[in-house]
Amino acid sequence: QLDRGCALHTAHRDGLSSVSSQDVPERPRAVFHTSESDPAKHTEQHEGRLYNIPLEEVNAVFPHGLPHRFQQQIQTFNEARVMVRKPALELLAYLKGSNFTHPAVRYVIYGERGTGKTMTLCHVVHYCSRQGWLVLHIPDAHLWVKNCKELLQSSYNKDRLDQPLQASVWLKNFKTSNERLLQEIKTQKKYMWGKRESTEEGRPLREVVEQGLARVRSASDAVGVVLKELKQQSHRGSFRLLVAVDSVNALWGRTTLRKEDKSPVSPEELTLVHNLRKMLKNDWSGGAIVTTLSQTGSLFKPSSAYTPQELLGREGFDALDPFVPIPVPNYSAREFESCYGYYLERKWLQHEKAHTEDGKAELQFLSGSNPRQLDRLAGPL
Amino acid sequence: RLRAWLPRIMPVRWSRYDPSYLEPEVKKELYQRPLEELTEEEREQMELKAVRPIKAAPPTLSSSVFSDPMISKFTNMMMKSGNKVLARSLMSQTLENIKRKQLEKYHKAPENEKETIECNPYVIFHQALKNCQPIIGLSNVTRGGKTYQVPVPLTDNRKRFLAMKWLITECRENKHRRTMMPEKLSQELLLAFNNEGPVIKRKHVLHKMAEANRAYAHFRWW
């Protein structure tokens, strides 16, 4: 433990320089690690390597949004290591070079199942929160269109339906991730919550969030207010806004929810979805929109569908068009080596045969270099 | 009358084969040896394989380096109504659970204790099974109208079967209804590894009964 810490902190730029300053037995371990924990400084040299996110930062930046298996891995290994991959580096390069006076550019991360789209999104979210942007991270839009126990009729607009539970959970996590910026941004209008409660003009947005948490019935309206305010104020340039939506194809598909008279609910009738769709339009400036497609939680879509055309449908594609597509492939040979080496180093691969060349070849063949399959296979081994 | 239910997989390997059919050979190492290394009989065997037909491989036979016959036996015993997919996934989740629990203990332990903690789920599984195996069993023998419980030696297969059966029945019956099988199994296996737990107790009870019925041992005629 102690040796590894010294080795990684002395070489601050590059895994290669850490190789030269170390003893021979340490060399295979450090090659796939990098001590650069600031995503802003990640370049092609760091491709295929794993960087560490300190645990306090993980709790602050990702109260929601990390995949479940990754959270289990963080708990078992006692550290959060994310691999730096090409799609993420590409996205970061675009974000660094983007002009914030122009309308927000939309990026859609797509790929087959289990190739690392959500992890790429989390990498980008980490970068933006390090740079001090305000991050609007919706962990999984599918959770808003299915399995909703309570649907209330919205008081603001008679046709729409509210989802108090999902909205309040999201507001709680949003508050934890963006404490400082919420204090600074002020509302520009007076908002009435029912007959007696109201938020005055010029109060910090944090109060709106707390109002939504305290009065769960109006949580969805609070979410709508927050989104509207952020959209109006982002072009001023006092803060940068990142809208990170995972599984964005949920917003334009169908829902499994039904109204009380058993008629199906379409996504426009949900307040949360309606407000989020307005946010995803590129009529505001001063930030970026990064989204991910996902077939895994999607409703009424075949399991072989992974392209934006198939998953978003015509409506979604027209709404998101024009966007920058970012494909995420399976692991390259180098990335597979580094993932395998990491599992070996952390003693995750315990089977004696897993340490041999045969075992490694078998793992590569069985998983097809797919990150999720490799993770699932390496679990019992 | 048409059958309403057709099985998804039709068995190919029958138990009655023509005697000319040979068994399939799965191990890669045996094929990679050069011709000079082989003895006379082995060379004849290789020539036969080129000519004779070969039986279909059973579904449990695997050429993977990670396959373990004990684990497959255990998975088959856990299987219900032929759902091998579910049984195998439960088994892999159990092994993963054991590994996670042991790794967490390992990382929290002080340096001197780290070597004593076993993290390999396969080692734990094999050792737990070995600890649960009874040495002597009881069988019913009827003499003069009365049935006596006679202590009797057990074969290796019977011991392994009893150990696995006890583990599975313990997990299925004596636990809280809502706990998942991997959770229950991993707990039981870790207890059995440390020679604690209800399965080890059952083994000791059986041993005590056999010791108590020592007098009837001569009723055994095999």
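What you see is a predicted model; the values in this text were computed from it and never measured.

Asker: Explanation requested: the interface of chain B and chain A in the structure shown.
Answerer: Interfaces are often sized by the accessible area lost when the parts come together. Contacts between the two partners involve 16 residues from chain B, matched on the other side by 22 residues from chain A. Among the residues chain B hides against chain A, the three largest losses belong to B:F66, B:K99 and B:R100. Together they make up 34% of the total. Counting the contacts that link chain B with chain A gives 1 salt bridge. Of the charged contacts, one joins A:R69 and B:E96 as a salt bridge, the two residues approaching to 3.0 Å between their closest N and O atoms. For the pair chain B and chain A, the interface holds 12 residue pairs in polar contact (both at pLDDT 80 or more). The element that contributes the greatest number of residues to the side of chain B that touches chain A is helix α4 (residues 84–108) of chain B, accounting for 9 residues. The class makeup of the residues in the side of chain B that touches chain A is 8 nonpolar, 4 polar and 4 charged.

Asker: Please clarify how the domain arrangement of chain A should be interpreted in this entry.
Answerer: Residues and elements named next belong to chain A. Under the domain assignment used here, chain A contains domain 1 (31–85 + 331–380) and domain 2 (101–327). Measuring from the centre of the C-alpha atoms in domain 1 to the corresponding centre in domain 2 gives 29 Å. Each side of the interface is counted separately: domain 1 has 24 residues, and domain 2 has 21 residues. Summed over both sides, the interface of domain 1 with domain 2 buries roughly 2000 Å², with 60% coming from carbon and sulfur. For the pair domain 1 and domain 2, the number of links is 2 salt bridges. Two residues, E57 and R130, come together in a salt bridge whose shortest N-O distance is 3.0 Å. Across the contact surface, domain 1 and domain 2 share 10 residue pairs in polar contact (both at pLDDT 80 or more).

Asker: Would you mind showing me how to read the pattern of salt bridges here?
Answerer: Any two side chains of opposite charge can pair if their charged atoms end up close together. Residue and element names in this part refer to chain A. The full count for this structure, using the stated rule, is 24 salt bridges over all chains. Taking the shortest distance from any N to any O, the salt bridge between E179 and R206 comes out at 3.2 Å. Of this pair, E179 sits in helix α9 (residues 179–184) while R206 sits in helix α10 (residues 205–214), and the two are 27 residues apart along the sequence. Three or more residues joined by partner-sharing salt bridges are found here, namely D38, K41, E57 and R130.

Asker: Could you clarify how one ought to interpret helix α14 (residues 333–345) of chain A in this entry?
Answerer: Note: α-helices contain 3.6 residues per turn, so residues at a spacing of three or four share the same orientation. Residue and element names in this part refer to chain A. Relative to the 18 Å expected for 13 residues at 1.5 Å per residue, α14 spans 18 Å between its end C-alpha atoms, a close match to the ideal helical length. For α14, the set of buried residues is E335, F336, S338, C339, Y340, G341, Y342, Y343 and E345. Taken from the residues just after α14, K347 is the one with a positive phi, measuring 60 degrees.

Asker: Sorry, what's going on with the packing of aromatic side chains here?
Answerer: Centre-to-centre distance and the angle between the planes together describe a pair of aromatic rings. Going through the model one piece at a time under the given rule, you end up with 15 aromatic pairs over all chains. Taken together, a centroid distance of 5.7 Å and an interplanar angle of 85 degrees make the contact between A:F77 and A:Y342 edge-to-face. Remark: A:Y342 occurs in helix α14 and A:F77 occurs in helix α5 (residues 68–77); sequence separation between them is 265 residues. Of the two residues, A:F77 and A:Y342, both sit in the buried class. Residues B:W221 and B:W222 carry aromatic rings whose centres are separated by 4.9 Å and whose planes lie at 85 degrees to one another, so their mutual orientation is edge-to-face. For B:W222, a relative accessible area of 48% corresponds to the partly exposed category. The structure contains a cluster of three or more aromatic residues connected by ring pairs, namely A:F77, A:Y342, A:Y343 and A:W348.

Asker: Honestly, the UniProt feature "domain: Small ribosomal subunit protein uS7" (unreviewed entry) in chain B in this entry has me stumped. Any pointers?
Answerer: Taking the numbering used here, the UniProt-annotated feature "domain: Small ribosomal subunit protein uS7" (unreviewed entry) corresponds to residues 57–214 of chain B. Secondary structure content for residues 57–214 of chain B is 59% helix and 10% strand, while the C-alpha to C-alpha distance between its ends is 46 Å.

Asker: What is the right way to look at the pairing of strand β11 (residues 287–292) of chain A in this model?
Answerer: Along a regular strand, successive side chains alternate from one face of the sheet to the other. All names here are of chain A. In terms of burial, β11 is largely enclosed, as 6 of its 6 residues are buried. Of the two faces of β11, the one carrying G287, I289 and T291 and the one carrying A288, V290 and T292 are both buried. Of the strand pairs in this sheet, strand β4 (residues 105–110) and β11 are connected by 5 bridges, and their pairing is parallel. Counted as the bridge partner of Y107 is V290 from β11. One ladder, built from 5 bridges, connects strand β10 (residues 241–245) with β11; its direction is parallel. Bridge assignment links L242 to a residue of β11, and that residue is A288. Between the parallel elements β10 and β11, the chain passes through helix α12 (residues 271–279) in a crossover that is right-handed.

What counts, and where the lines are drawn
- Residues numbered from 1 in each chain as written.
- Chains lettered and ligands numbered in written order.
- Predicted model: local features only at pLDDT ≥ 70, side-chain atom pairs only at ≥ 80, totals over all residues.
- Heavy atoms only, no water.
- Contact = heavy atoms within 4.5 Å.
- Buried area = accessible area lost by both parts, 1.4 Å probe.
- Salt bridge = Lys/Arg side-chain N within 4 Å of Asp/Glu carboxyl O.
- Polar contact = N/O pair within 3.5 Å; in protein donor to acceptor, adjacent residues only side chain to side chain.
- Helix = DSSP H or I, 4+ residues; strand = E, 2+ residues; numbered from the N terminus.
- Nonpolar A, V, L, I, M, F, W, Y, C, P; charged D, E, K, R; others polar.
- Domains from an automatic or database assignment.
- Expected span 1.5 Å × (residues − 1).
- Buried < 20%, exposed > 50% of the residue type's maximum accessible area, 1.4 Å probe, protein only.
- Phe/Tyr/Trp six-rings, centres within 6.5 Å; stacked < 30°, edge-to-face > 60°.
- UniProt positions renumbered as here; feature names shortened; annotations may be inferred.
- Pairing = 2+ DSSP bridges.
- Right-handed = clockwise from strand over helix to strand, strands pointing away.

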